[in-house]
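Chain by chain, the residues run as shown.
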Amino acid sequence: MHTARTYKTVAAGSAAVVAAALIAGCGASKTASGSNTAGSSGGSTAASTGGSGGGGGGSSKTITIPTASGWDEDVAVSYLWKYVLEQKGYTVKLPSLDIGVIFNGISQGTGSNADLFFDTWLPKTHAPYWKKIHNKVEDLDVWYDQATLNIAVPTYLKDINSIADLKGKASEFDGKITGIDPGAGLTRVTKEAIKTYGLNDYTLQTSSTAAMLAALKSATDAKKPIVVTLWHPHWAYSAFPIKDLKDPKHAMGGAEKIHAIARQGFSQDYPKVAKAVKSFKMDDKTLASLELQVVQKHKDNPDEGIQAWIKTSQGKQAVNQIENAMK
């Protein structure tokens, strides 16, 4: 979680200031999901079949699905929906934006040019945003229900199995916990956990998801100690020898649910799409295989990743599920 995870970016202040401008022009903004983690490329685009932009009402067949920078599950799932919708004659735009900009934009309703967003974590991670916008958007239900925020270490650190075990051992980790974006919801929650467990001799080092993953790879390749902030779902758990630390004080929160949300009026403008989103579900194994293809193996061309994934049994099943729901 999944980030990418945010607010996985709770940068509400400055993000809100620029939100209107960026959302209004998101068709010209950084297209296709340039995930901090994956460096995704590419924009969307089947031939236009009517309409001139997302949020344009029932006559438009262009749908804008902003993706949250650095949140791989969001990138992967959004590209899946891009593929299916384009097969149905829609034009799909996938601008990569900060989470604060996304929430602000999608709460503006018809004309905002932000129609649908697949990565709202509730009840804790995106609580500050949700409190402000919950009555200004459509909640299209939960598609993944095992999302968690975590502090993790390599599996070869046998004597560290709980966040509490980190206390008094800061020197082993150069006094730092390697995190992601400064404004991320995961960062906010981790700071709370540091206080809860009395880890005052640690500094939470923030930069980006990509930097965290690079540090994790470097450390595990050399079998050195490292503490990182992570989330489920994430492909890192299958790529590196890492384990989540137990959280007996529940400072990181419990399992969360990932909701798809839309601007007000979306269900009226796109009833078949809204119906399909409401019925969409994905489990751990299916999501992991999707992320593997889209944000790892084909990080420079996510569309190719989708093409590879839909040839698998899991991919075929997921596509059929969405297409049948749109009938």
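Here, every reference points to the structure presented above.
Residues numbered from 1 in each chain as written. Predicted model: local features only at pLDDT ≥ 70, side-chain atom pairs only at ≥ 80, totals over all residues. Heavy atoms only, no water.

(A) Looking closely at unusual backbone geometry. Omega for the peptide link from Leu 122 to Pro 123 comes to 15°, which places this bond in the cis form. Tracing the chain through its elements places Pro 123 in the loop between β5 (116-122) and α4 (127-133). His 232 connects to Pro 233 through a cis peptide bond whose omega is 5°. Within the fold, Pro 233 resides in the loop between β9 (228-232) and α7 (236-239). One non-glycine residue with positive phi stands out, namely Lys 223, at about 55°. Relative to the assigned elements, Lys 223 resides in the loop between α6 (209-221) and β9. (Helix = DSSP H or I, 4+ residues; strand = E, 2+ residues; numbered from the N terminus.)

(B) Summary view of the pattern of salt bridges. One pass over the structure, following the stated rule, counts eight salt bridges. Residue Asp 303 is joined to Lys 82 by a salt bridge in which the shortest nitrogen-to-oxygen separation is 2.8 Å. Separated by 221 residues along the polypeptide, Asp 303 in helix α11 (residues 302-309) and Lys 82 in helix α2 (residues 72-87) bring together distant segments of the chain. A relative accessible area of 25% means that Asp 303 is categorised as partly exposed. By relative accessible area, Lys 82 is classed as buried at 3%. Two residues, Glu 192 and Lys 124, come together in a salt bridge whose shortest N-O distance is 3.9 Å. A residue pair is termed long-range when its members are at least 10 positions apart, and Glu 192 in helix α5 (residues 185-196) and Lys 124 in the loop between β5 and α4 qualify at 68 residues. Looking at Lys 124, the relative accessible area reads 26%, which means it is partly exposed. Here the residues in one salt-bridge network are Lys 82, Glu 86 and Asp 303, joined through shared partners. (Salt bridge = Lys/Arg side-chain N within 4 Å of Asp/Glu carboxyl O. Buried < 20%, exposed > 50% of the residue type's maximum accessible area, 1.4 Å probe, protein only.)

(C) Examining the packing of aromatic side chains more closely. Taken as a whole, this structure holds 13 aromatic pairs when the rule is applied. On the numbers, 6.0 Å between centres and 50° between planes, the contact of Trp 143 with Tyr 144 is tilted. The pair formed by Trp 143 and Tyr 144 is uniform in burial state, with each residue classed as buried. Pairing Trp 143 with Phe 280 gives two aromatic rings, centres 5.8 Å apart and planes at 35°, and the pair type is tilted. Of this pair, Trp 143 sits in strand β6 (residues 137-154) while Phe 280 is found in the loop between α9 (271-279) and α10 (284-297), placing the two residues 137 residues apart along the sequence. (Phe/Tyr/Trp six-rings, centres within 6.5 Å; stacked < 30°, edge-to-face > 60°.)

(D) Seen up close, the layout of surface pockets. Taken as a whole, the largest pocket encloses approximately 220 Å³ of empty space. Lining the largest pocket we find 13 residues, and of these Asp 174, Lys 176, Ala 219, Pro 225 and Ile 226 sit closest to its centre. Taken together, the elements giving at least two residues each to the lining of the largest pocket come down to β7 (176-178) and α6. Tallying contributions element by element places α6 first for the lining of the largest pocket, with three residues. (1 Å grid on protein atoms, 1.4 Å probe; cavity = no way out; pocket = protein on both sides within 12 Å on 5 of 7 lines; lining within 4 Å. Points joined across faces, edges and corners; volume = space filled by probe spheres on them.)

(E) Representation of the packing of α2 against α11 within the structure. Their axes nearest at 10 Å, the elements α2 and α11 cross at an angle of 75°. Relative to α11, α2 is oriented roughly perpendicular. Residues Ala 76, Tyr 79, Leu 80, Lys 82 and Tyr 83 of α2 form the contact with α11, whose own contacting residues are Pro 302, Asp 303, Ile 306, Gln 307 and Trp 309. Grouping the constituent residues of the contact of α2 with α11 by class yields seven nonpolar, one polar and two charged. (Axes fitted to C-alpha atoms, helices over the stretch in contact; angles between N-to-C directions. Parallel < 35°, antiparallel > 145°, perpendicular 65-115°, else oblique. Contact = heavy atoms within 4.5 Å. Nonpolar A, V, L, I, M, F, W, Y, C, P; charged D, E, K, R; others polar.)

(F) Representation of the side chain of Gln 293. Summarising the element assignment, Gln 293 is placed in helix α10. Setting aside chain neighbours within four positions, we find Gln 293 in contact with His 298, Gly 305, Ala 308 and Trp 309.

(G) Local environment of the pairing of β9. Buried residues dominate β9, accounting for four of its five residues. Pairing of β6 with β9, which is carried by five bridges, proceeds in the antiparallel orientation. Bridged to Thr 148 within β9 is His 232. (Pairing = 2+ DSSP bridges.)

(H) Expanded view of the environment of Ser 238. Along the polypeptide, Ser 238 turns up in helix α7. When its relative accessible area of 62% is taken as the criterion, Ser 238 is described as exposed. It is 9.2 Å that separates the C-alpha atoms of Ser 238 and Leu 292, two residues lying 54 residues apart in sequence. One polar contact links the side chain of Ser 238 to the main-chain carbonyl oxygen of Trp 235, over a distance of 2.8 Å. (Polar contact = N/O pair within 3.5 Å; in protein donor to acceptor, adjacent residues only side chain to side chain.)

(I) View of the pairing of β5. With seven of seven residues buried, β5 is to be regarded as a mostly interior element. Of the strand pairs in this sheet, β5 and strand β11 (residues 256-263) are connected by five bridges, and their pairing is antiparallel. Looking at β11, one finds that Trp 121 is bridged to Ile 258.

(J) Summary view of the packing of α2 against helix α12 (residues 313-325). One can describe the packing of α2 onto α12 by two numbers: an axis separation of 10 Å at closest approach and a directional angle of 55°. Classified by the angle their axes make, α2 and α12 are oblique. Relative to α12, the crossing made by α2 is right-handed. Along its contact with α2, which presents Leu 80, Trp 81, Tyr 83 and Val 84, the element α12 presents Ala 318, Val 319, Ile 322 and Glu 323. (Left-handed = near helix turned anticlockwise from the far one by under 90°.)

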